[in-house]
Amino acid sequence: MTDDFRKPGPRKVGQVKEVTSLANPIIKDIKALSNKKDREAAGIFMAEGLKLVIDALELGWEIRTLIYAKAAKGKPLVEQVATRTVANGGLVLEVSEKVLSSVTRRDNPQMVVGIFEQRWKRLEDLAPESDETIVALDRVRDPGNLGTIIRTADAAGASAVILVGDGTDPFSLETVRATMGSVFALPVVKCSVDEFLGWQKRSGVNVVATHLAGAVDYRTADYKSKPVVILMGNEQSGLPDNLAKAANRTVRIPQQGLADSLNLAVATAVMLFEARRHLLTLEDRT
């Protein structure tokens, strides 16, 4: 990759460039971020949309590279973000619509794209208190599911999302889109099964897992006496036996009708809002 991406942290001198060619090496590097291997090697990811970019800035994230369409030039909010990016040593690219569509892989892309450094929380840094809730996902596969779960966890007031085993990347463009900005607000942890089980024992959390062999109705579980980890299984195979047996409680969501299961994101939302029902109130957010 070019020096614009290889070096960690902000550049010393901010730059503004106009790019119209798909053959530009910087554009090629940005397009490569659609591949998980390239994202991991560079330690960066792409977020599409002015609102997501502004949300990230307000939460303390710094833009490595800002890309905006020529049609967005002169718009006050875009100019403010561009000025801030250059002031922090970032790169600003003014591009054609063709280039922007190529970068985002969409025919009608949003006018602004930000490139950010990935942030991962360490499992050992999680020390939840009694009123905290964490979501743990075993080998989640679908980017839309993961993004929706991160967004839902943020809305419900969860403290973190733990990704157990080999699953989809929370920093893929599809997942970031589905989070609607919550990927910038909620810590994400990646760990192995053994690391998760070890942390479970040390942290004293109450792990409530959904399982087809769940013994009780999910509404009867204890969500108040200890910090709670809602443990959800893989979309196809559910929760493996070793994780299910290690849980403090296995539960089921009662169902009627012909459907034999719920979508993972929907089931996680049901669990999350039940676990935090005693903590959630309607407040005036205006």
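Shown above is the structure to which this text applies.
Calculation criteria
- Residues numbered from 1 in each chain as written.
- Predicted model: local features only at pLDDT ≥ 70, side-chain atom pairs only at ≥ 80, totals over all residues.
- Heavy atoms only, no water.
- 1 Å grid on protein atoms, 1.4 Å probe; cavity = no way out; pocket = protein on both sides within 12 Å on 5 of 7 lines; lining within 4 Å.
- Points joined across faces, edges and corners; volume = space filled by probe spheres on them.
- Helix = DSSP H or I, 4+ residues; strand = E, 2+ residues; numbered from the N terminus.
- Nonpolar A, V, L, I, M, F, W, Y, C, P; charged D, E, K, R; others polar.
- Pairing = 2+ DSSP bridges.
- Axes fitted to C-alpha atoms, helices over the stretch in contact; angles between N-to-C directions.
- Contact = heavy atoms within 4.5 Å.
- Parallel < 35°, antiparallel > 145°, perpendicular 65-115°, else oblique.
- Left-handed = near helix turned anticlockwise from the far one by under 90°.
- Buried < 20%, exposed > 50% of the residue type's maximum accessible area, 1.4 Å probe, protein only.
- Right-handed = clockwise from strand over helix to strand, strands pointing away.

Observations regarding empty space enclosed by the protein
Reasoning step 1: Applying the stated rule across the entire model yields one cavity of 30 Å³ or more.
Reasoning step 2: Ile30, Lys31, Leu33, Ser34, Arg39, Phe45, Met46, Val103, Arg105, Phe171, Ser172 and Leu173 are the residues that line the largest cavity.
Reasoning step 3: At the level of elements, helix 2 (25-31) and strand 2 (44-48) are the ones that each hand at least two residues to the lining of the largest cavity.
Reasoning step 4: Partitioned by chemical class, the residues of the lining of the largest cavity number seven nonpolar, two polar and three charged.

Describing the sheet that holds strand 5 (residues 112-117)
Hydrogen bonds between backbone atoms are what pair the strands of a sheet, whose relative direction is either parallel or antiparallel.
Reasoning step 1: Strand order in the open sheet formed by five strands is 1-4-3-5-2, with mixed pairing between adjacent strands. Unpaired on one side and paired on the other, strand 1 (15-19) and strand 2 mark the two borders of the sheet. Pairs of neighbouring strands in the sheet enclose a mean axial angle of 20°, with direction left out of account.
Reasoning step 2: Judged from the five bridges that link them, strand 3 (residues 63-69) and strand 5 form a sheet pairing that is antiparallel. Looking across to strand 5, one finds that Leu66 is bridged to Gly114.
Reasoning step 3: With respect to the sheet, helix 6 (residues 97-104) is in contact with strand 1, strand 2, strand 3, strand 4 (91-95) and strand 5, its orientation differing from that of strand 4 by roughly 115°.

Points about the packing of helix 4 (residues 50-58) against helix 5 (residues 76-87)
Reasoning step 1: Running from N to C, helix 4 and helix 5 cross one another at 45°; their axes reach a closest spacing of 11 Å. What the angle tells us is that helix 4 and helix 5 run oblique. When the axes of helix 4 and helix 5 are compared, the crossing they make is left-handed. From helix 4, Leu50, Val53, Ile54 and Leu57 reach across to helix 5, where they touch Leu77, Val78, Val81 and Arg84.
Reasoning step 2: Looking at the contact of helix 4 with helix 5, its residues break down into seven nonpolar, no polar and one charged.

Structural notes on the layout of surface pockets
Reasoning step 1: Taken as a whole, the largest pocket spans an internal volume of roughly 660 Å³.
Reasoning step 2: Lining of the largest pocket is provided by 23 residues; of these, Thr210, Leu212, Gly238, Ser261 and Leu262 occupy positions nearest its centre.
Reasoning step 3: A breakdown of the residues in the lining of the largest pocket according to their chemical character gives nine nonpolar, 11 polar and three charged.

Examining the pairing of strand 7 (residues 160-164)
Reasoning step 1: Extensive coverage of strand 7 is indicated by the burial of five of its five residues.
Reasoning step 2: Burial along strand 7 is two-sided: the face carrying Ala160, Ile162 and Val164 and the face carrying Val161 and Leu163 are both buried.
Reasoning step 3: With five bridges joining them, strand 6 (residues 133-138) and strand 7 adopt parallel strand pairing. Note that in strand 7 the partner of Ala136 across the bridge is Ile162.
Reasoning step 4: For the handedness criterion, the β-α-β arrangement of strand 6, helix 7 (residues 143-156) and strand 7 is classed as right-handed.
Reasoning step 5: Sheet topology places strand 7 next to strand 8 (residues 188-191); four bridges connect them, and they run parallel. Directly across from Leu163, in strand 8, lies its bridge partner Lys190.
Reasoning step 6: Following the backbone out of strand 7, through helix 8 (residues 173-179) and into the adjacent parallel strand 8, one traces a crossover that is right-handed.

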